Amino acid sequence: MKLISEKKPAFPWFGMDIGGTLVKLVYFEPVDITAEEEQEEVENLKSIRRYLTSNVAYGKTGVRDVHLELRNLTMCGRTGNLHFIRFPTQAMPRFIQMGRDKNFSSLHTTLCATGGGAYKFENEFRSMADLELLKLDELDCLIRGLLYVDRVSFNGHPEGYYFENPSDTQSCVKKTCTLDNPFPMLLVNIGSGVSILAVYSENDYKRVTGTSLGGGTFLGLCCLLTGCETFEEALEMASKGDSTNVDKLVKDIYGGDYERFGLQGSAVASSFGHMMSKEKRDSISKEDLAKATLVTITNNIGSIARMCAVNEKIERVVFVGNFLRINTVSTKLLAYAMDFWSKGQLRALFLEHEGYFGAVGALLELHKTTEDP
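About the thresholds
The written sequence of each chain sets the order in which its residues are numbered from 1. Whole-chain, interface and lining totals are the exception, using all residues; otherwise, since this is a predicted model, local features are given only for residues with pLDDT of at least 70 and side-chain atom pairs are given and counted only at 80 or more. For side-chain calculations, the full set of non-hydrogen atoms in the structure is used, while hydrogens and water are omitted. UniProt positions are given in the numbering used here, feature names are shortened, and annotations may be inferred rather than shown by experiment. We call Phe, Tyr and Trp rings a pair once their centres come within 6.5 Å, taking the six-membered ring for Trp, and we label the pair stacked below 30 degrees between planes, edge-to-face above 60, and tilted otherwise. Elements are defined by DSSP. Helices are runs of H or I of four residues or more, strands are runs of E of two residues or more, and each kind is numbered from the N terminus. We call a residue buried when its accessible area falls under 20% of the maximum for its residue type, exposed when it is over 50%, and partly exposed in between, using a 1.4 Å probe and counting protein chains only. Charge-over-ring placement is defined geometrically: NZ (Lys) or CZ (Arg) within 6 Å of the ring centre, and within 35 degrees of the ring normal. Patches were defined on residues exceeding 30% relative accessible area and lacking a salt bridge, with like-charge contacts within 9 Å and nonpolar side-chain contacts (Val, Leu, Ile, Met, Phe, Trp, Tyr) within 5 Å. Here the Shrake-Rupley method, with its probe set to 1.4 Å, supplies the accessible areas, and only the displayed protein chains count as covering residues. Should a side-chain nitrogen of Lys or Arg be within 4 Å of a carboxyl oxygen of Asp or Glu, the pair is scored as a salt bridge. Helix axes are fitted to C-alpha atoms over the stretch in contact, other axes to C-alpha atoms as well, and angles between N-to-C directions run from 0 to 180 degrees. Left-handed describes a crossing whose near helix is turned anticlockwise from the far helix by less than a right angle; the clockwise case is right-handed. Throughout, a residue-residue contact means that at least one pair of heavy atoms, one from each residue, lies within 4.5 Å. Residues grouped as a nonpolar core are buried Ala, Val, Leu, Ile, Met, Phe, Trp, Tyr and Cys residues, joined through side-chain atoms within 4.5 Å. Here the limits of each domain have been adopted from an automatic or database domain assignment.

The protein chain goes by pantothenate kinase in an unreviewed UniProt entry, where it is assigned to Gymnodraco acuticeps. Under the Subunit (unreviewed entry) heading, UniProt states for the protein chain: "Homodimer." Within the UniProt record for the protein chain, the comment given under Catalytic activity (unreviewed entry) is "(R)-pantothenate + ATP = (R)-4'-phosphopantothenate + ADP + H(+)".

Structure representation (structure tokens):
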């Protein structure tokens with residue numbers, strides 16, 4: 001029995017994705033601990049487990065997304081719950097300090113990390129907390145984590161979803177789905193910026209293109225234009241705004257539809273086009289500006305994704321990333337754009353765990369390190 005346990009990585013099991021805006025952390029909490037293990041477990045490990053699982057908030061900005069918890073999961077021969085935690089990247093020094101305070105390095109575990117911050121903060125982890133990071137490629141981790149979560153399902157329910165009748169606001173409904181036979185797929189990862197991948201198998205993919213106009217752009221512009229401070233605040237403002245007060249539509253130019261090219265009068269002709277008029281500037285609200293910013297960024301992402309799908313001849317388009325968290329405005333807008341501009345040939349797919357797949361992929365690498373001869 002002891003020989004088997006030695007092949008497993010030491011607890012605690014973490015995977016981290018340190019992005020430009022958010023840090024995503026997944027933590028595997030074993031629930032099959034025997035009385036003997038409980039007795040032998042060192043106090044540091046107990047302290048970390050209690051802290052992470054008994055709180056839903058950590059300090060002012062850390063959050064455990066309880067609704068995303070994967071329960072009774074079997075990993076590396078152990079049964080447990082997978083917890084999903086996020087906090088702003090700017091709070092990383094405090095997280096490293098916590099690792100030092102809890103004497104994390106004494107537990108002799110490997111901390112697998114991906115994202116740009118795995119490189120940016122490597123020296124701080126080493127100097128402040130005596131921790132070595134196993135740095136992993138973020139796109140490898142993204143794909144591996146996505147396929148794994150879809151395979152194990154969301155506590156018995158499908159991980160994926162799409163919108164039926166996305167072009168009709170009255171009958172548009174959310175429907176669940178799985179990524180059966182997922183390849184090829186166009187994977188659009190919307191974080192601070194955007195990367196678009198053509199994925200042919202778990203190990204065969206290419207980065208087609210990307211855009212610097214992503215979630216970080218939306219939040220940065222909203223902070224400038226409205227004075228908001230957080231993503232949640234920006235989305236709340238956007239949900240109450242009317243972007244047509246800010247954007248110039250086709251009908252504002254043509255007086256109606258541009259029928260020759262099938263452009264509806266309600267389509268955006270010029271994002272922020274009304275803002276060249278002082279009269280219009282004086283009449284808009286901060287909520288209108290937030291909504292217009294969200295629509296501008298989302299439309300741009302949707303347009304690029306559609307062109308990539310056409311060029312790569314891929315019909316399955318999957319959108320992931322933390323930009324989509326609590327962001328039904330963008331998910332429905334992307335679903336509508338894919339459906340309308342492709343004349344029903346492309347369907348936008350979304351996943352419940354949105355921005356956590358990179359962290360899950362990093363956690364899976366932790367288990368791989370113990371399997372290698």
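Q: Looking at this model, I keep getting lost on the packing of aromatic side chains. Mind explaining?
A: The description of an aromatic ring pair rests on the distance of the ring centres and on the angle between the ring planes. Counted under the stated rule, the structure contains 17 aromatic pairs. With 5.7 Å between their ring centres and 25° between their planes, Phe 319 and Phe 350 make a pair best called stacked. Linking Phe 319 in strand β16 (residues 316-320) with Phe 350 in strand β17 (residues 347-351), this pair joins segments that are 31 residues apart in sequence. No difference in accessibility class separates Phe 319 from Phe 350, as the two residues are buried. Each member of the aromatic cluster is reached from another via a ring pair, and the members are Tyr 161, Phe 163, Phe 319 and Phe 350. Over the ring of Tyr 161 we find Lys 174; its NZ or CZ atom is 4.1 Å from the centre of that ring. Stacked on the ring of Tyr 162, the Lys or Arg Arg 347 has its end atom at 3.9 Å from the ring centre.

Q: Would you mind showing me how to read a nonpolar patch on the surface here?
A: Side chains of Leu 221, Leu 224 and Leu 225 sit close together on the surface and give an oily, nonpolar patch of about 290 Å² of accessible area. Within the fold, Leu 225 resides in helix α8 (residues 215-226).

Q: Whenever I open this one, the packing of helix α4 (residues 92-101) against helix α6 (residues 122-129) confuses me. Can you help?
A: Two packed helices can be described by the angle between their axes and the distance between those axes. At a minimum axis separation of 9 Å, α4 and α6 run at an interaxial angle of 35°. The two elements α4 and α6 cross, and the hand of that crossing is right-handed. On the side of α4, the interface is formed by Met 92, Pro 93, Phe 95, Ile 96, Gln 97, Gly 99 and Arg 100, while α6 contributes Glu 124, Phe 125, Met 128 and Ala 129.

Q: When you look at the nonpolar core in this model, what are you seeing that I'm missing?
A: Nonpolar side chains tend toward joint burial in soluble globular proteins. Among the nonpolar cores identified, the biggest contains 66 residues, and Met 16, Met 92, Phe 125, Leu 146 and Leu 187 are the most heavily contacted of them. Top contributing element to this core by residue count: helix α7 (residues 138-152), with 8 residues. Built from parts of two domains, this core gets at least three residues from each of domain 1 (13-141 + 357-369) and domain 2 (160-241 + 285-351). The contacts of Phe 125, once residues within four sequence positions are left out, are Met 16, Ile 18, Met 92, Phe 95, Ile 96, Leu 111, Asp 130, Leu 131 and Leu 133. Counting 37 residues, the second-largest nonpolar core is a separate cluster that includes Phe 163, Val 194, Ala 290 and Leu 324.

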